[in-house]
Amino acid sequence: AQKVTQAQTEISVVEKEDVTLDCVYETRDTTYYLFWYKQPPSGELVFLIRRNSFDEQNEISGRYSWNFQKSTSSFNFTITASQVVDSAVYFCALFSNDYKLSFGAGTTVTVRA
Amino acid sequence: NAGVMQNPRHLVRRRGQEARLRCSPMKGHSHVYWYRQLPEEGLKFMVYLQKENIIDESGMPKERFSAEFPKEGPSILRIQQVVRGDSAAYFCASSPRVQDGSPLHFGNGTRLTVT
């Protein structure tokens, strides 16, 4: 069975601080995909990033960056120079051979002005 | 290309009534998923459908819940004889294919309130 753990329930920062969200996953499959989704207060789910299990190269996209490490089964996500609009619930998710997306419990990020 | 469309956005039902939630996937997407989000919780998988076929319904409650994705028209999640515990946000997602881990695109959800 697939499992995603987001140990941080809530994070509160002041604007311009960096925020790192932790995600640990479990799967027996060798091919899988990892995702981060954002759910702002308005409630919709917004796709942010995707990584496949064969590509451990870490990247930066604007103010977002991620650190994928297969050795520790972690897929952490960082928001640099946070802004108030980044306030949301962030979900880490895993997709593999069962063809469904398994979500973590989510981390609520509050950015204060 | 319009996104995943869900309606209604909000639905209020009395206990014992039926709730019908609709989802129109993005154009060209034949894979549809339904997820449920209880208050203050994450998203739980309910069912995965691919045009006219239920592929995986392992997350669906055994009674009162059903889903379909007909050849023509939207996918429907139907909840019969609703109870207060059914109050939640129900999200639909679609994808053009699943073999390559294409991202699921979610609708804005239907917030069901059972009074």
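What this report covers is the structure whose coordinates are included nearby. (Residues numbered from 1 in each chain as written. Chains lettered and ligands numbered in written order. Predicted model: local features only at pLDDT ≥ 70, side-chain atom pairs only at ≥ 80, totals over all residues. Heavy atoms only, no water.)

With respect to the nonpolar core
Part 1 of the argument: Core analysis: the biggest nonpolar cluster contains 24 residues, and A:Leu21, A:Trp36, A:Phe75, A:Phe77 and A:Tyr90 have the highest contact counts within it.
Part 2 of the argument: Mapped onto this core, the elements with two or more residues apiece are strand 2 (10-14), strand 3 (19-21), strand 5 (33-39), strand 6 (46-52), strand 8 (64-69), strand 9 (74-79), strand 10 (88-95) and strand 12 (107-112) of chain A.
Part 3 of the argument: For this core, the leading source of residues is strand 10 of chain A, giving 4 residues.
Part 4 of the argument: Every residue in contact with A:Tyr90, bar those within four places of it in the chain, is listed here: A:Gln6, A:Leu21, A:Trp36, A:Tyr37, A:Lys38, A:Leu48, A:Phe77, A:Ile79, A:Gly106, A:Thr107 and A:Val109.
Part 5 of the argument: Formed by 23 residues, the second largest nonpolar core is a distinct cluster that contains B:Val47, B:Ile79, B:Ala88 and B:Tyr90. (Core = buried A, V, L, I, M, F, W, Y, C linked by side-chain atoms within 4.5 Å. Buried < 20%, exposed > 50% of the residue type's maximum accessible area, 1.4 Å probe, protein only. Helix = DSSP H or I, 4+ residues; strand = E, 2+ residues; numbered from the N terminus. Contact = heavy atoms within 4.5 Å.)

Section: the pairing of strand 6 of chain A
All names here are of chain A.
Part 1 of the argument: Here strand 5 pairs with strand 6 via 6 bridges, running antiparallel. Paired with Tyr37 across the bridge in strand 6 is Phe47.
Part 2 of the argument: Taken together, strand 5 and the strand that follows it, strand 6, pair antiparallel across an intervening segment of 6 residues, in which Gly43 is found at a positive phi of about 100°. (Pairing = 2+ DSSP bridges.)

Structural notes on the environment of B:Ser95
Residues and elements named next belong to chain B.
Part 1 of the argument: As for its placement among the helices and strands, Ser95 is situated in strand 9 (residues 88-95).
Part 2 of the argument: For Ser95, a relative accessible area of 0% puts it in the buried group.
Part 3 of the argument: Between the alpha carbons of Ser95 and His105 there is a distance of 6.5 Å; along the sequence they are 10 residues apart.
Part 4 of the argument: With residues up to four places along the chain from it excluded, the contact list for Ser95 reads His29, Ser30, His31, Ser102, Pro103 and Leu104.

Digging into the interface of chain A and chain B
Part 1 of the argument: The interface of chain A with chain B comprises 19 residues on the first partner and 21 residues on the second.
Part 2 of the argument: Contact between chain A and chain B buries roughly 1600 Å² in total, counting both sides, with carbon and sulfur atoms accounting for 58%.
Part 3 of the argument: In terms of surface lost to chain B, no three residues of chain A exceed A:Leu45, A:Tyr99 and A:Lys100, which account for 32% of the buried area on that side.
Part 4 of the argument: Between the two partners, chain A and chain B, sit 1 salt bridge.
Part 5 of the argument: For A:Lys100, the salt bridge goes to B:Asp56, with nearest N and O atoms at 3.1 Å. (Buried area = accessible area lost by both parts, 1.4 Å probe. Salt bridge = Lys/Arg side-chain N within 4 Å of Asp/Glu carboxyl O.)

Considerations on the packing of aromatic side chains
Part 1 of the argument: Summed over all chains, the structure comprises 18 aromatic pairs over all chains.
Part 2 of the argument: Taking 6.0 Å as the distance between ring centres and 70° as the angle between the ring planes, the aromatic pair formed by A:Phe103 and B:Phe106 counts as edge-to-face. On the criterion of chain membership, the pair formed by A:Phe103 in strand 11 (residues 101-103) and B:Phe106 in strand 10 (residues 105-106) is interchain, its members lying in two chains. Each member of the pair, A:Phe103 as well as B:Phe106, carries the same accessibility label: buried.
Part 3 of the argument: Consider the rings of B:Tyr35 and B:Phe45, whose centres lie 5.9 Å apart with planes at 75°: the pair is edge-to-face. (Phe/Tyr/Trp six-rings, centres within 6.5 Å; stacked < 30°, edge-to-face > 60°.)

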